[in-house]
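Reading the structure
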Amino acid sequence: MKFVDEFRDAQLGRVVAGQILAAADPGRHYKVMEVCGGHTHSIYKYGIDDLLPEAVELVHGPGCPVCVIPMGRVDDGIAVARQEGVIFTCFGDMLRVPGSELTLLDAKAQGADVRMVYSPLDALRLARSNPRREVVFFAIGFETTAPSTALTLKRAKAEGVLNFSCICNHVTIVPPLRALLESPDLRLDGFIGPGHVCTVVGARPFEFIPVDYARPLVISGFEPLDILHSILMILRQLQEGRCEVENQYTRVVPREGNLRALEVMAEVFELRPHFEWRGLGFISQSALKLSAAYRDFDAELRFALPGVRVADPKACQCGEVLKGVIKPWECKVFGTACTPDHAIGTCMVSPEGACAAYYNYGRFAREKEAV
Amino acid sequence: MNVPSCETHPGCITCGDVGVPMRVIEVGDAAAVCLDREGKRHEVAIDLIDSVGTGAWLLVHAGVAIAAVDAPAIGGRGPR
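This is a predicted model, so every value here is computed, not measured. (Residues numbered from 1 in each chain as written. Chains lettered and ligands numbered in written order. Predicted model: local features only at pLDDT ≥ 70, side-chain atom pairs only at ≥ 80, totals over all residues. Heavy atoms only, no water.)

All names here are of chain B. Relative to strand β3 (residues 41–45), strand β2 (residues 31–35) runs antiparallel, the two being bridged by five bridges. Across the sheet, the residue bridging to Ala31 is Ala45, located in β3. Between β2 and β3, which follow one another and run antiparallel, lie five residues, and Gly39 among them has a positive phi close to 80°. (Pairing = 2+ DSSP bridges. Helix = DSSP H or I, 4+ residues; strand = E, 2+ residues; numbered from the N terminus.)

Okay, here's the thing in structure tokens:
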């Protein structure tokens, strides 16, 4: 398929891998973080790490929208889903994220009307066709997904679909990156930037990384050749003593982002003063809530939410995995108590989670053998 | 109208920030009919794209086009 197959060419992949080998100083160890969970998934699906020299280590970042949702927010969703007359909607992976006692899928099995949607627009359609029911959309995701929620709410307001509301858990990627860069226990040499987030926000929000922290960032597409090319671009920046934001994903990402999407987001959302990230704790101005103009569609105001903060399970080390401090297989419960079929931590739920990516693509066995 | 779902993809493509390139075959007021990789038809909201014409390629996420895919860039910007 156009825009896909040409970026999966194995022969070209081997050529770029050779260029990476030539660009890497064998006496140096490079730690490169892929910010986005989509990249993590591609890296293990296509075995990209197997093509890299030992000097280049990929570190997984916090960019999995499912993985960063704290248990208390899941409990809030379940509490709303159980209310009489509610049709509760969310994306597929969110159904399996553990709350303190249940997942949304468990709540569904117990009788709650929980439905998977692919788009928030599908949830709005449900609201239109079920005018006597309250349809609630549990919104998650980074800036890639936030525009679709914003557009949906704008349509709901324009059409007066008042039985539709949203629990907004949208998060923004820059604050956690800044928190990671401030972290004393993490040394990184460069970043593979989140291509689809940049489609919306552009390159500018990431310019603080080379300016304030002297680290290169290359905005990357998600096909294997995209990722290999981005790693090569990072190594070349380091080799040439440059440090800047570069855009590998030029076929999709304009430097200024999607201005229409940013405009709709600015109308519908405002920044929360702080938001809890699973494993990372509270981060200031790192999440979105509905603006005053959209308060009639804010499920957090329409329904009573427990709002109880729940500590992560002690055995789970998702926090360290999300920060790139440990590899998934170094977690005590990885592949034993915590598997994709019975996830304790969120990183094992979504395929974009680093633990699930390791597990699903056979890294589990390989790493254990290495130990 | 078929939509990409978690049942046919390893995980939820929306949760995974997956953007799907699709080709426009019909343009309406706020939505376009597009074809995906398997030739399935999708209704895609095009409110966030400046101008959309038949034959254009869009990057689609959660039923909404978030970017136009720039065809001329394909040959010259890759690692070849």
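It is worth spelling out the domain arrangement of chain A at this point. Residue and element names in this part refer to chain A. Along its sequence, chain A is organised into domain 1 (5–64 + 183–247), domain 2 (71–173 + 257–302) and domain 3 (318–370). Listed as interface residues are seven residues of domain 2 and, on the opposing side, 13 residues of domain 3. Buried area between domain 2 and domain 3, both sides added, is near 790 Å², and the carbon and sulfur share of it is 59%. Per-residue buried area on domain 2 facing domain 3 is highest for Asp93, Arg96 and Arg278; these three make up 57% of the total on that side. (Domains from an automatic or database assignment. Contact = heavy atoms within 4.5 Å. Buried area = accessible area lost by both parts, 1.4 Å probe.)

Residue and element names in this part refer to chain A. Here four strands make up an open sheet; going across it, the order is β4-β3-β5-β6 and the pairing parallel. Two strands lie at the open edges of the sheet, namely β4 (114–116) and β6 (164–170), each paired on one side alone. Sheet twist, expressed as the average angle between the axes of neighbouring strands with direction ignored, equals 25°. Bridging between strand β5 (residues 134–141) and β6 involves seven bridges; their strand directions are parallel. (Axes fitted to C-alpha atoms, helices over the stretch in contact; angles between N-to-C directions.)

This next bit is on helix α11 (residues 259–268) of chain A. Residue and element names in this part refer to chain A. Among the residues making up α11, those that are buried are Ala261, Val264, Met265 and Val268. All buried residues of α11 lie within an arc of 100° about the axis, which places them on one face of the element. Turned more than 90 degrees from where α11 packs its buried face, Leu259, Glu263 and Ala266 sit exposed. Next to the buried residues of α11 lie α6 (146–159), α8 (195–201), β10 (269–271) and β13 (288–290). At the N-terminal boundary of α11, the capping side chain belongs to Asn258, with an oxygen 3.1 Å from the backbone nitrogen of Arg260. (Buried < 20%, exposed > 50% of the residue type's maximum accessible area, 1.4 Å probe, protein only. Arc of directions from axis to C-beta. Polar contact = N/O pair within 3.5 Å; in protein donor to acceptor, adjacent residues only side chain to side chain.)

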